[in-house]
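# Fold and contact review
If you want the building blocks of each chain, they are given just below.
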Amino acid sequence: MATEIGTANDGEVVRRWPNSARSVPRARRELLDTLAAWKLTELEDSAVLVLSELVTNAVTHAGSPRGREIETRFFRLSDGRLRIEVHDAGDDRPVLRRVSDTDEGGRGLLLVDAVTAHQWGVSSRGGVGKLVWAVCAAPS
């Protein structure tokens, strides 16, 4: 279950999730509900893909220290774009990497990079861990 911190009416939604694979579909549902409330449904495809990749990376690579939650933040920007942030307690920063045709994984950030037109990054945050952010815009 998610812990609610902000509401869609504020133009910002903040939720905390258990560091578990079960949080990925729950975070997607929260995002879809938020986009509907903000009347930004044209962003659904790109935003859900980006969020899924970022939360999955947090669950997979930031599993310690145990008991730490993952936090998602959605911001409705004034120009109709959406900023997605995923905060976790892990110190390792994700990097774009080259993958071969035979690699079974490692394409998630390549997808995020393509879908957001290179508008993503990693930042420090107060306390432990990092935040990974991405900005989604409506298709032109």
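Just so it is clear, the model here is predicted, and its values are computed rather than measured.

It is worth spelling out the confidence of the model for the protein at this point. The predicted structure's coordinates, where accompanied by low pLDDT, should not be read in detail. Averaged over every residue, the pLDDT of the protein is 87; residues scoring 70 or more account for 86%. Taken element by element, the protein is modelled with least confidence in strand E1 (residues 3–4), mean pLDDT 56, and with most confidence in helix H1 (residues 23–37), mean pLDDT 97.

As for its position among the elements, Thr116 is in the loop between helix H3 (108–115) and strand E5 (120–124). Overall, Thr116 belongs to the buried group, its relative accessible area being 3%. C-alpha separation for the pair Thr116 and Ala138, spaced 22 residues apart in sequence, amounts to 9.9 Å. Excluding its chain neighbours within four sequence positions, the residues that come into contact with Thr116 are Val50, Ala134, Val135 and Cys136. A distance of 2.7 Å separates a polar side-chain atom of Thr116 from the backbone oxygen of Val112.

Time to look at unusual backbone geometry. Positive phi, close to 55 degrees, is recorded for Ala117, a residue that is not glycine. For Ala117, the position within the fold is in the loop between H3 and E5. Look at Ala117 and you get partly exposed, because its relative accessible area is 48%. Unusually for a residue other than glycine, His118 sits at a positive phi of about 70 degrees. Residue placement: His118 occurs in the loop between H3 and E5.

Looking now at the environment of Leu40. Here Leu40 is to be found in the loop between H1 and helix H2 (44–61). Leu40 sits in the buried class, given a relative accessible area of 7%. For the pair Leu40 and Ala137, spaced 97 residues apart in the sequence, the C-alpha separation amounts to 9.7 Å. For Leu40, the contacting residues outside a window of four places in its chain are Leu35, Arg76 and Gly80.

In this section: the nonpolar core. One recurring pattern in soluble globular proteins: nonpolar side chains tend to sit buried together. Judged by nonpolar contacts, the single largest core of 28 residues is most densely connected at Leu31, Leu51, Leu54, Phe74, Leu82 and Ile84. When residues of this core are traced back to their parent elements, those giving at least two are strand E2 (12–17), H1, H2, strand E3 (70–76), strand E4 (82–88), H3 and strand E6 (130–136). Examining the composition of this core, we find that eight residues originate from one element, H2, more than from any other. Beyond its immediate stretch of four places on either side in the chain, Leu31 contacts Ala47, Val48, Leu51, Phe74, Leu82 and Ile84.

Reading guide: rules and limits
Residues numbered from 1 in each chain as written. Predicted model: local features only at pLDDT ≥ 70, side-chain atom pairs only at ≥ 80, totals over all residues. Heavy atoms only, no water. pLDDT = per-residue confidence, 0-100. Helix = DSSP H or I, 4+ residues; strand = E, 2+ residues; numbered from the N terminus. Buried < 20%, exposed > 50% of the residue type's maximum accessible area, 1.4 Å probe, protein only. Contact = heavy atoms within 4.5 Å. Polar contact = N/O pair within 3.5 Å; in protein donor to acceptor, adjacent residues only side chain to side chain. Core = buried A, V, L, I, M, F, W, Y, C linked by side-chain atoms within 4.5 Å.

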